[in-house]
Amino acid sequence: MTKNPYLPFKAPIINITKQTETDWTYRLACNIDPKWGQFVEVSIPGVGECPISVSDFGPGYIEMTIRRVGKVTKVIHQLDQTDHLFIRGPYGNHFPVPSFEGKHLIIAAGGTGLAPVKSMISHFYRNPELLKNFNVLAGFKSPDDVLFTDAIANWKQQFNVQVTVDNADENSGWSGRVGLITNLIPEIDLAYIENTRVVIVGPPVMMKFAALEFLKRGIAEKNIWVSFERKMCCGLGKCGHCKIDDTYVCLEGPVFNYTKSKKLLD
Amino acid sequence: MLVGYRFSAKEFNALLTELKQKYRVYAPVLLKGKGRFSNSDIVGYGEPNTIEDIVFGHKSYFSAKEIFYPINQTLFYFTADEYSEPKVDPRDIIIFLRSCDIHAVDRLDNIMLKNGSEPDYYYQQLRSKVKFILMDCINSFDNCFCVSMGTNHTENYSASIRVEKGFYLCNVKEDIDGLFSTLGTAMEVQPQFVEKNNILVNLPENLDLDIVAEHEIWQEYGARCISCGRCNTSCPTCSCFTMQDIFYQDNPNCGERRRVWASCQVDGFTDVAGGHSFRREKSQRMRFKVMHKVNDYKKRFGVHMCVGCGRCDDVCPEYISFSRCVNKLALAVQEVNNND
Ligand SMILES: Cc1cc2nc3c(=O)[nH]c(=O)nc-3n(C[C@H](O)[C@H](O)[C@H](O)COP(=O)(O)OP(=O)(O)OC[C@H]3O[C@@H](n4cnc5c(N)ncnc54)[C@H](O)[C@@H]3O)c2cc1C
Ligand code: SF4
Ligand code: SF4
Ligand code: FES
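Everything numeric in this text was worked out from a predicted model, so none of it was measured. (Residues numbered from 1 in each chain as written. Chains lettered and ligands numbered in written order. Predicted model: local features only at pLDDT ≥ 70, side-chain atom pairs only at ≥ 80, totals over all residues. Heavy atoms only, no water.)

What should I look at first to understand the overall build of chain B in this one?
In terms of regular secondary structure, chain B is built from twelve helices and twelve strands. On C-alpha atoms alone, chain B measures out to a radius of gyration of 22 Å, which is about the 20 Å that the 2.2 N^0.38 rule sets for 340 residues. In chain B, which comprises 340 residues, the proportion classed as buried is 53%. In chain B, 74% of the contacts between residues at least 6 apart in sequence involve partners at least 24 apart. Looking at chain B as shown, the accessible area adds up to about 15600 Å², and 48% of this sits on carbon and sulfur atoms. Separation of charge centres in chain B, based on 40 positive and 44 negative side chains, amounts to 2 Å. (Helix = DSSP H or I, 4+ residues; strand = E, 2+ residues; numbered from the N terminus. Rg over C-alpha atoms; globule rule 2.2 N^0.38 Å. Buried < 20%, exposed > 50% of the residue type's maximum accessible area, 1.4 Å probe, protein only. Contact = heavy atoms within 4.5 Å. Areas by Shrake-Rupley, 256 points an atom, 1.4 Å probe, with all protein chains shown as cover. Lys, Arg positive; Asp, Glu negative; His and termini not counted. Charge placed at Lys NZ, Arg CZ, Asp CG, Glu CD.)

Below, the structure written as structure tokens:
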């Protein structure tokens, strides 16, 4: 008999970092070998299971940034550093990172959309010579929602990082940009348009309008990638929740080239 | 020359008794009091004690899939520290079912065994135990359109069965444990298949989703459908499920993870965090279901998913007819193409 892919395994928590009130990053000890943009199924027996992107990884560990929205994520946020989580995976496809080498890469992430691309950003942060040019645009709802502030500060020293928030309270002390992430796109210097690759991850509306903005600037559809979020139960192509047309997001996604994603109609 | 056997009722019951030593045998039986209205009965799958328990003259309300793909299935039990998988009944399974329903199992196999990189562990466990006994279908039932779907014939069975003049006639491809030949009288038997239904379905070819999605035919269904999901639960080819965890009240450290059938027609099927949900409109759900059954499944697996059993029409409380919808779709697509 084949092995049972539904059985999760125990992964001890090494460390918990609070990013915002609702988004916490968990570093787990485990020996899976994820690729940039893949996800795992995380569970707490007795509560349930949910798909979460691997936001960073290295030898012997993975990181996930988990937003508290409901049943499972609420209980995860009650755990402490001596606890463990159960996981299975990694699942899904990943960003074609080697094909970005030598190019101008632009990553536009909205909210928790920064989590699935963080491992890719870290990779290029550690290996800056791999890219010709690198822009990261990140949009959040408010200054309180900004993720990975420490990491962003480090990234800023090496490449172009722009953070914007939809709204900032006068008393928030926010000195950065205010406005939608789409406003940042016309300002990017696109000297090598043929050699520019774009990655967009965020809520559906954000991805749609950001893509249109990049297309306006002359980026070819085939040079744009997006990552989709759909309800998922199995991650294995069986439960049907993530299906759009004849495509299973858990198998052929979550990463899609724009030429394919624009044809996916829910 | 087709090998076969003739059984009297008594002989067939002897065969059943022998089979039941090693197999769980399932067939359409009358489920007393389980009908849609109080005091009404229904035909569903159960374990017959005698051949007389098996209902030959009616279509079963539910399909056979619940036998090897249970409505509610425990994936594992857990305690604070470990898991255990549920024990599987060691007996093999024999199911009496019609040609369309045998094709339907093939449709489930595609998703549960072939989709993705590995077979579904739990489905495979039970499915590998199953043998089919084909029930000949001579006359079409209400709402059937198997001929249009090409599922009225099958070769995929161990034995076939039909009742004729008080005898049970079987064509035998696999003489299960040698029992058919020892208990029956040899004779030539050819299974009979229905060749004509009252309902003909035109399958639209090469659908352009953009055009289909925009089409007004879905509006009518959006207005009528109440999202009850009966069409999905009665369908022998629907395979979607949701996971559920429960813990035991007397010991919250112990519990089980289960999966239960899910339905693309009901609320919540596509909900994601942040209040997003896809296909919120019932019209969009109807479009999704219809396109899955007669278009996009075929793009993936080479055959249509729907096998034309008509159960979804039989059970819809709003009298929504799937076959009529497919015909309307074919017509609508034709009109669009003619106007181009
Ligand atoms: C490929 C992928 C990657 C993801 N990566 C991350 C990540 O890195 N960080 C993060 O915080 N979240 C991520 N999510 C979303 C995360 O899966 C959901 O927030 C989580 O499932 C909610 O589970 P819950 O039990 O806490 O919520 P529930 O109590 O089940 O529900 C609360 C809300 O979440 C929705 N929801 C339920 N199940 C899912 C699901 N499977 N997918 C999406 N929404 C769901 C519900 O509809 C409801 O609106 C990802 C989702 C996918 C599909
Ligand atoms: S869609 Fe309707 S007719 Fe087709 S297989 Fe399912 S229940 Fe039968
Ligand atoms: S059975 Fe009828 S009313 Fe119920 S979900 Fe299906 S189409 Fe809608
Ligand atoms: S998550 Fe179950 S089929 Fe994709």
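Would you explain the site of ligand 3 in this entry?
Lining the immediate surroundings of ligand 3 are 13 residues, of which Cys225(B), Cys228(B), Gly229(B), Cys231(B) and Cys316(B) lie closest. Class assignment for the residues of the shell around ligand 3 results in seven nonpolar, three polar and three charged. (Near = heavy atom within 4 Å. Nonpolar A, V, L, I, M, F, W, Y, C, P; charged D, E, K, R; others polar.)

What exactly am I supposed to notice about the interface of chain A and chain B here?
In many reports, interface size means the accessible area that the parts give up when they come together. Between chain A and chain B, the contact holds 41 residues from the first and 48 residues from the second. Counting each side, the surface lost to burial between chain A and chain B is near 3800 Å², with a carbon and sulfur contribution of 57%. At the boundary of chain A with chain B, the tally comes to five salt bridges. A salt bridge links Arg300(B) to Glu252(A), with the nearest nitrogen and oxygen atoms 2.8 Å apart. In this assembly, chain A and chain B are joined by 20 residue pairs in polar contact (both at pLDDT 80 or more). Breaking the side of chain A that touches chain B down by element, the ones donating at least two residues are strand E3 (39-44), strand E4 (48-53), strand E7 (84-91), strand E15 (247-248) and helix H6 (249-252) of chain A. (Buried area = accessible area lost by both parts, 1.4 Å probe. Salt bridge = Lys/Arg side-chain N within 4 Å of Asp/Glu carboxyl O. Polar contact = N/O pair within 3.5 Å; in protein donor to acceptor, adjacent residues only side chain to side chain.)

Explain the nonpolar core here, please?
Most often, soluble globular proteins have nonpolar side chains that are buried together. By size, the foremost hydrophobic cluster in this structure holds 66 residues, and its most contacted members are Ile200(A), Phe214(A), Phe68(B) and Ile95(B). Residues Trp24(A), Tyr26(A), Cys30(A) and Phe159(A) belong to the second largest nonpolar core, which totals 55 residues. (Core = buried A, V, L, I, M, F, W, Y, C linked by side-chain atoms within 4.5 Å.)

What exactly am I supposed to notice about the confidence of the model for chain B here?
Caution applies to low-pLDDT parts of the model: their predicted coordinates are not meant to be read in detail. For chain B, mean pLDDT is 91; residues scoring 70 or higher make up 99% of the total. Interface confidence for the predicted complex, expressed as ipTM, amounts to 0.92; the pTM equals 0.93. (pLDDT = per-residue confidence, 0-100.)

Explanation requested: unusual backbone geometry in the structure shown.
If a residue is not glycine, its phi is most likely negative; likewise, a peptide bond is most likely trans. The omega torsion across Gly89(A) and Pro90(A) is 5°, close enough to zero to call that bond cis. Structurally, Pro90(A) can be placed in strand E7. A cis amide bond links Gly253(A) to the next residue, Pro254(A), at an omega of 5°. Structurally, the position occupied by Pro254(A) is in the loop between H6 and strand E16 (255-257). One non-glycine residue, Asp245(A), adopts positive backbone phi at about 50°. Of note, Asp245(A) is situated in the loop between strand E14 (243-244) and E15. By relative accessible area, Asp245(A) is classed as buried at 11%. Residue Arg279(B) is not a glycine yet carries a positive backbone phi of 55°. Look at Arg279(B) and you get buried, because its relative accessible area is 5%.

Honestly, the site of ligand 2 in this entry has me stumped. Any pointers?
In the region of ligand 2, the neighbouring residues are Phe145(B), Cys235(B), Pro236(B), Lys293(B), Cys306(B), Val307(B), Gly308(B), Cys309(B), Gly310(B), Arg311(B) and Cys312(B). Counted by class, the shell around ligand 2 contains seven nonpolar, two polar and two charged residues.

What is the right way to look at helix H3 (residues 114-126) of chain A in this model?
It helps to recall that an α-helix has 3.6 residues per turn; residues three or four apart then point in one direction. All names here are of chain A. The terminal C-alpha atoms of H3 lie 18 Å apart, and with 13 residues this matches the ideal 18 Å at 1.5 Å per residue to within 8%. Taken as a whole, H3 carries its principal kink of about 25° at Met120. The element H3 is extensively covered by neighbouring structure, given that eleven of its 13 residues are classed as buried. (Expected span 1.5 Å × (residues − 1). Bend = angle between axes of the 7 residues up to and from the residue.)

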